[in-house]
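Here is how the chains run, residue by residue.
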Amino acid sequence: MKKTIRNVLDDGIKTLSKNDVLDARIDANLLLEHVLQVDKIYTLVNGNELLSDEDYDRYNNLINIRAKGKPLQYIIGYQEFMGLTFKVDRNVLIPRQDTEILVIEAIKYIKENDITSILEIGTGTGCIPISICCDCQNVHATTVDISSEAIDIAKHNAIINDVDDRIQFIQSNLFENIDEGIEFQLFISNPPYIRSSDIDGLMKEVKEYEPIKALDGGIDGLYFYREISRQIKNRTKKRSYVLYEVGYDQGIDVKNILEALGYDDIRIYKDLAGINRVVAGAYNK
């Protein structure tokens, strides 16, 4: 017996809820929209429409995959970020709303200081430099990642968001393959910042699906902040800026790292929940 859109949505929500999937209703709706290639309005208006056997089977399959813990974004293959669409797969972290705070603050620095050249460390999907270049038409970005697979995805995302002519992608372990003669006015990174000992305690859909090397920040979670900040000092000849996304309890620690290395004008920006989310500083050679 064929089922309607409303019937299968109700069934999908129940299955996800029984398996403790957060936002079960949202995920069930997004999976059906993905299967039918329609928007939310369509499923709301056409709740009595009967699904084909093929669509019904495909939807149930995806619901069961989601119920086992695979992140929604890896199932449908994309994530929205800063109003843009980004391809995702298991080679990259899923862009999160918290990181939009980093992009928003970076754009302010760029516009207030007439910045035209930026370097991002650890690009993943490329969501940070791509979002910046979409908003700031005069910016040219260089971005690196140790993963060649991540670089390939980021390049694809730059193309579909029409900024590939202003972003250079380099496979590199931090600054390793960056020409020392290139000057950057702003450095930006959302580096791995989870303490190594905390990895096992992460949610199943994070620790079992997202790339661990993009999460593990070392013993205290601060390794990359120290290393990137130290190397920036050797890569700039004039005043430059650095912005980091940080873990919920790392704002003061990262501020102290920058102060110890001689950075000034250090600021901490909070997210919408009032949690320290971005640390920024400036450095004069």
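The structure this text deals with has already been given above.
Residues numbered from 1 in each chain as written. Predicted model: local features only at pLDDT ≥ 70, side-chain atom pairs only at ≥ 80, totals over all residues. Heavy atoms only, no water.

(A) Up close: unusual backbone geometry. One non-glycine residue, D20, adopts positive backbone phi at about 60 degrees. Locating D20 in the fold gives a position in the loop between helix 1 (5-18) and helix 2 (24-36). We classify D20 as exposed; its relative accessible area is 69%. (Helix = DSSP H or I, 4+ residues; strand = E, 2+ residues; numbered from the N terminus. Buried < 20%, exposed > 50% of the residue type's maximum accessible area, 1.4 Å probe, protein only.)

(B) Spotlight on the packing of aromatic side chains. Applying the stated criterion to the full structure yields eight aromatic pairs. Here F184 and F187 contribute two aromatic rings whose centre-to-centre distance is 6.0 Å and whose plane-to-plane angle is 70 degrees, an arrangement assigned as edge-to-face. For F184, a relative accessible area of 6% puts it in the buried group. Between Y225 and Y244 the ring centres are 5.1 Å apart and the planes differ by 85 degrees, which places this aromatic pair in the edge-to-face class. Here Y244 lies in strand 7 (residues 240-245) and Y225 lies in helix 10 (residues 223-233), a separation of 19 residues in the sequence. (Phe/Tyr/Trp six-rings, centres within 6.5 Å; stacked < 30°, edge-to-face > 60°.)

(C) Quick look at the sheet that holds strand 5 (residues 167-171). The mixed open sheet is built from seven strands, whose spatial order is 5-4-3-6-7-9-8. In this open sheet, the two strands that pair with only one neighbour each are strand 5 and strand 8 (264-270). Sheet twist, expressed as the average angle between the axes of neighbouring strands with direction ignored, equals 15 degrees. Docked against the sheet, helix 8 (residues 148-160) engages strand 4 (140-145) and strand 5, running at close to 170 degrees with respect to strand 5. Across the sheet, helix 11 (residues 251-260) touches strand 7, strand 8 and strand 9 (276-283), and the angle it forms with strand 9 is around 10 degrees. (Pairing = 2+ DSSP bridges. Axes fitted to C-alpha atoms, helices over the stretch in contact; angles between N-to-C directions. Contact = heavy atoms within 4.5 Å.)

(D) Focus on the packing of helix 2 against helix 4 (residues 53-67). The interhelical angle for the contact between helix 2 and helix 4, taken along N-to-C directions, is 140 degrees, at an axis separation of 10 Å. The orientation of helix 2 relative to helix 4 falls into the category oblique. The hand of the helix 2/helix 4 crossing is right-handed. For the pair formed by helix 2 and helix 4, the contact residues are D27, A28, L31, L32, H34, V35 and L36 on the first element and D55, R58, Y59, L62, I63 and R66 on the second. Considering only residue class, the contact of helix 2 with helix 4 consists of eight nonpolar, one polar and four charged. (Parallel < 35°, antiparallel > 145°, perpendicular 65-115°, else oblique. Left-handed = near helix turned anticlockwise from the far one by under 90°. Nonpolar A, V, L, I, M, F, W, Y, C, P; charged D, E, K, R; others polar.)

(E) Structural context of the pairing of strand 2 (residues 84-87). Of the two faces of strand 2, only the one carrying L84 and F86 is buried; T85 and K87 on the other face are not. In this structure, strand 1 (residues 78-81) lies alongside strand 2, joined through four bridges in antiparallel fashion. Each bridged residue has a counterpart across the sheet, and for Y78 the counterpart in strand 2 is K87. Two successive antiparallel strands, strand 1 and strand 2, enclose a turn made up of two residues, where M82 displays a positive phi of approximately 55 degrees.

(F) Quick look at the nonpolar core. If you look at the biggest cluster of nonpolar residues, it comprises 34 residues, and the most contacted ones within it are I110, I118, I132, L186, I188 and L243. It is helix 6 (residues 98-112) that provides the largest number of residues to this core, a total of seven residues. Apart from the residues lying within four places of it in its own chain, the contact partners of L243 are L102, E105, A106, Y109, L186, F187, I188, S189, V278, V279 and A280. I121, L215, V242 and V246 belong to the second-largest nonpolar core, a separate cluster that totals 29 residues. (Core = buried A, V, L, I, M, F, W, Y, C linked by side-chain atoms within 4.5 Å.)

(G) Spotlight on helix 6. Taking 1.5 Å of rise per residue, 15 residues should cover 21 Å, and helix 6 covers 22 Å from first to last C-alpha, within 8% of that figure. Buried within helix 6 are the following residues: T99, E100, I101, L102, V103, E105, A106, I107, Y109 and I110. Downstream of helix 6 by a residue or two, D114 has a phi angle that is positive, lying close to 50 degrees. (Expected span 1.5 Å × (residues − 1).)

What is shown is where atoms sit, not what they do.
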